[in-house]
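Residue-level listing of the chains:
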Amino acid sequence: GCSSSSDKKKPSNDSKCSHCSKGFEPGETMKTITLPGDAATGTVHLRCENDWRKKHAKKCDHCDDPMTTQIITITADWGKGKVHPECEMAYTRKKEEKHNKKKNK
């Protein structure tokens, strides 16, 4: 795995995301990660907020997109889930239908 940090770093004029190569704007938050094997060399990789979230943020159990704002935790007789607010209804409906089919067999 890799370790990550959400430290806010001040970008230099030539700082770029090591994943998408996007240049950083002054004042923009940069994330740093260290990949396996980097400790020996002291290498640190910079990630833009978007690429960092894609890799490290908790994913919605319904749509699998990163959850970066409000998270809804659902607990029901069919199980648990963490979803975006806009995914709550569809996720719950899908899980209830699956649970009811199993129950009625």
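The structure we're discussing is the one just above.
Everything quoted here is computed from the prediction, not taken from an experiment.

J.: Explain a positive patch on the surface to me, please; I cannot follow it from the model alone.
T.: Side chains of Lys 94, Lys 98, Lys 101, Lys 102 and Lys 105 sit close together on the surface and give a patch of like positive charge. Positionally, Lys 94 belongs in helix H3 (residues 88-103). In this structure Lys 94 comes out as exposed when scored by relative accessible area, which is 54%.

J.: Just to check I follow, could you spell out the pattern of salt bridges for this structure?
T.: A side chain of one charge can pair with a side chain of the opposite charge when the charged atoms of the two come close. On inspection of all chains with the given rule, the structure shows 4 salt bridges. The closest approach of N and O atoms between Lys 31 and Glu 49, which form a salt bridge, is 3.7 Å. Of the two residues, Lys 31 sits in strand S2 (residues 30-34) while Glu 49 sits in helix H2 (residues 49-56), which places them 18 residues apart along the sequence. With a relative accessible area of 7%, Lys 31 lands in the buried category. Residue Glu 49 is classed as partly exposed on the basis of its relative accessible area, which comes to 22%. Of the charged contacts in the structure, one is a salt bridge between Asp 51 and Lys 54, with a shortest N-O distance of 4.0 Å. In this pair, Asp 51 and Lys 54 both sit in helix H2, 3 residues apart, roughly one turn of the helix. Given the relative accessible area of 49%, Lys 54 is considered partly exposed. One salt-bridge network, held together by shared partners, links Lys 31, Glu 49 and Arg 53.

Criteria and cut-off values
Residues numbered from 1 in each chain as written. Predicted model: local features only at pLDDT ≥ 70, side-chain atom pairs only at ≥ 80, totals over all residues. Heavy atoms only, no water. Patch = residues over 30% accessible without salt bridge, like charges linked within 9 Å, V, L, I, M, F, W, Y side chains within 5 Å. Areas by Shrake-Rupley, 256 points an atom, 1.4 Å probe, with all protein chains shown as cover. Salt bridge = Lys/Arg side-chain N within 4 Å of Asp/Glu carboxyl O. Lys, Arg positive; Asp, Glu negative; His and termini not counted. Charge placed at Lys NZ, Arg CZ, Asp CG, Glu CD. Helix = DSSP H or I, 4+ residues; strand = E, 2+ residues; numbered from the N terminus. Buried < 20%, exposed > 50% of the residue type's maximum accessible area, 1.4 Å probe, protein only.

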